[in-house]
Amino acid sequence: MRNKIEGVLTAIVTPFDAEGALNLPGLARQVTRQLDAGNGIFCGGTNGEFFVLNEEEKVSVTRTCVETVAGRAPVVAHIGEISTRETLRLGKRIAALGVDAVSVITPWFVPLKQAELITHYTAIADTLTVPVFLYNIPARTGNTIEPDTARMLAEHPNIIGIKDSAGSYESLSGFLNAVRDIDGFDVLNGPDSLIHQGFVDGCSTCISGLANVAPVAINAIWSRFKAGDIDGSRRAQESVTQLRTDLYSVAFSPAAVKKALQIMGEDVGESRYAVAFNEQQLQQIRQIVTASLN
């Protein structure tokens, strides 16, 4: 029987050094910050810039997270690639590192039918021994996992849930309603704006990019909810939602999150993809960070 994953998993950033190479000691420090706040780790996802990491780097990032956590919290690693073959290749290597589960984004660039997504995910779940989470983020991939498809895949004994990052309450509630009667299949909330409501409606976990910037504040939404302080959880959500609104109005994650961390004094380096901040944007982020720390 697997241990249920619940609470907060931080979609941990991937630190780089001044030359753009992996900064694994810096990653270990960021993981420790999250552990100190009571959060688990989701590595190699969107905030981890998986799209600009090669296979060896993805393995190194996951190994560092697993070794730093050392069993003190859950570690889920993203392994999704554009083909089933490459996803399995990476997934076997990641599974051998001792993660608690893996997350698999839908393939991107090429449009896929729901039957094709079922074939893709079934092959992965059949082959890997580590538990599998589906990962729905259609704005970035162009492919949507429909609630009925998630329900069909939920029947697979090695598919244990879905991370929904579609960004809307309609999408999140659609998955919750579709699988509510299926024991052992969990819905993980992606948008930071829906953490509290997700827990109220039955999500087991939130995967939070903003927890990189505000690990304690994000954890408060969960810990207060878990303790039965529903109103306190809601109030914690309100403060986080304002931070998210302000920060992402300047630039989207992960670049905005990493820039905020730099301003906070955290050595995470720049994002690798083609993003740049002008002085006005940097000043905005400084003001947002200062306000969030007060």
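As shown above, the structure is provided for reference.
Residues numbered from 1 in each chain as written. Predicted model: local features only at pLDDT ≥ 70, side-chain atom pairs only at ≥ 80, totals over all residues. Heavy atoms only, no water.

Student: What is the right way to read the overall build of the protein chain from this model?
Tutor: Across its full length, the protein chain holds 12 helices and eight strands. The C-alpha atoms of the protein chain give 18 Å as radius of gyration, which agrees with the globular expectation for 294 residues (19 Å, within 12%). Scored against the burial criterion, the 294 residues of the protein chain give a buried share of 56%. Considering only residue pairs separated by 6 or more positions, the protein chain has 73% of its internal contacts joining residues 24 or more positions apart. Split by element, the accessible area of the protein chain, about 12,500 Å² in all, is 51% carbon and sulfur. (Helix = DSSP H or I, 4+ residues; strand = E, 2+ residues; numbered from the N terminus. Rg over C-alpha atoms; globule rule 2.2 N^0.38 Å. Buried < 20%, exposed > 50% of the residue type's maximum accessible area, 1.4 Å probe, protein only. Contact = heavy atoms within 4.5 Å. Areas by Shrake-Rupley, 256 points an atom, 1.4 Å probe, with all protein chains shown as cover.)

Student: Help me understand the sheet that holds strand β8 (residues 205-208), please; the structure alone is not making it clear to me.
Tutor: The strands making up a sheet associate through backbone hydrogen bonding, with each pair oriented either parallel or antiparallel. Within the closed barrel, the eight strands sit side by side as β1-β2-β3-β4-β5-β6-β7-β8. Their pairing is parallel. Averaged over all neighbouring strand pairs, the angle between strand axes comes to 25°, with direction disregarded. Relative to strand β6 (residues 159-164), strand β5 (residues 132-136) runs parallel, the two being bridged by five bridges. Across the sheet, the residue bridging to asparagine 136 is aspartate 164, located in β6. Those strands touched by helix α9 (residues 215-226) are β1 (7-11) and β8, and its axis lies near 155° from that of β1. (Pairing = 2+ DSSP bridges. Axes fitted to C-alpha atoms, helices over the stretch in contact; angles between N-to-C directions.)

Student: Which parts of the structure should I look at to understand the packing of aromatic side chains?
Tutor: Any aromatic ring pair is given by two values, namely how distant the centres are and how the planes are angled relative to each other. All told, the structure shown has eight aromatic pairs when counted by the stated rule. Judged by centre distance (6.4 Å) and plane angle (35°), the rings of tryptophan 222 and phenylalanine 225 are tilted. Taken together, the residues tryptophan 222 and phenylalanine 225, both in helix α9 and three residues apart, mark about one turn of the helix. According to the relative accessible area criterion, tryptophan 222 is buried, its value standing at 13%. With centroids separated by 5.4 Å and ring planes inclined at 50°, the aromatic side chains of tyrosine 248 and phenylalanine 252 adopt a geometry described as tilted. Aromatic ring contacts, followed pair by pair, group Phe50, Phe51, Trp108 and Tyr273 into a single cluster. The side chain of lysine 163 reaches across the aromatic face of phenylalanine 42, ending 5.5 Å from its centre. (Phe/Tyr/Trp six-rings, centres within 6.5 Å; stacked < 30°, edge-to-face > 60°. Lys NZ or Arg CZ within 6 Å of the ring centre and 35° of its normal.)

Student: What am I meant to see in the environment of aspartate 17 here?
Tutor: Position of aspartate 17 relative to the elements: it lies in the loop between β1 and α1 (24-36). As for aspartate 17 and valine 213, which are separated by 196 residues in sequence, their C-alpha atoms are 19 Å apart. Residues within four places of aspartate 17 in sequence aside, it is in contact with Leu22 and Asn23.

Student: Would you take a moment to explain the pairing of β5 for this structure?
Tutor: Two faces make up the sheet, and in a regular strand the side chains alternate between them. Taking burial as the measure, the five residues of β5 include five buried ones, the bulk of the element. A two-sided burial pattern is seen for β5, the buried positions comprising Val132, Leu134 and Asn136 on one face and Phe133 and Tyr135 on the other. Here strand β4 (residues 101-105) runs beside β5; their pairing, made up of four bridges, is parallel. Paired with isoleucine 105 across the two strands is tyrosine 135, which belongs to β5. In this view, the connection linking β4 to its parallel neighbour β5 by way of helix α4 (residues 114-127) has right-handed handedness. (Right-handed = clockwise from strand over helix to strand, strands pointing away.)

Student: How should I be thinking about the state of the cysteines in this particular structure?
Tutor: Two cysteines form a disulfide when their sulfur atoms are joined by a covalent bond. Taken as a whole and judged by the stated rule, the model has zero disulfides. Just so you know, cysteine 203 is unpaired, no disulfide at all, and the nearest cysteine sulfur is the one on cysteine 206, 9.0 Å from it. Judged by its relative accessible area of 1%, cysteine 206 is buried. (Disulfide = S-S within 2.5 Å.)

Student: So what exactly am I meant to see when it comes to the environment of asparagine 158 here?
Tutor: For asparagine 158, the location among the structural elements is in the loop between α6 (147-153) and β6. Distance from asparagine 158 to alanine 101, taken between C-alpha atoms, is 9.9 Å for residues 57 residues apart in sequence. Once you skip the residues sitting within four places of it in the chain, asparagine 158 turns out to touch Ala125, Leu128, Thr129, Val130, Pro131 and Val132. Within the structure, the side chain of asparagine 158 is placed 2.9 Å from the backbone oxygen of leucine 128, a separation counted as a polar contact. (Polar contact = N/O pair within 3.5 Å; in protein donor to acceptor, adjacent residues only side chain to side chain.)

Student: Please explain the pattern of salt bridges as it appears in this structure.
Tutor: Pairing of side chains with opposite charge becomes possible as their charged atoms draw close. Per the stated rule, a full pass over the model turns up 16 salt bridges. Its salt-bridge partner being arginine 89, residue glutamate 55 comes within 2.8 Å of it at the nearest N-O pair. A residue pair is termed long-range when its members are at least 10 positions apart, and glutamate 55 in helix α2 (residues 55-69) and arginine 89 in helix α3 (residues 84-95) qualify at 34 residues. The partner of glutamate 81 in a salt bridge is lysine 58, with the nearest N and O atoms 2.6 Å apart. In this pair, glutamate 81 sits in the loop between β3 (75-78) and α3 while lysine 58 sits in helix α2, placing the two residues 23 residues apart along the sequence. A single network of salt bridges, built from pairs that share partners, joins Glu55, Glu56, Arg89 and Arg93. (Salt bridge = Lys/Arg side-chain N within 4 Å of Asp/Glu carboxyl O.)

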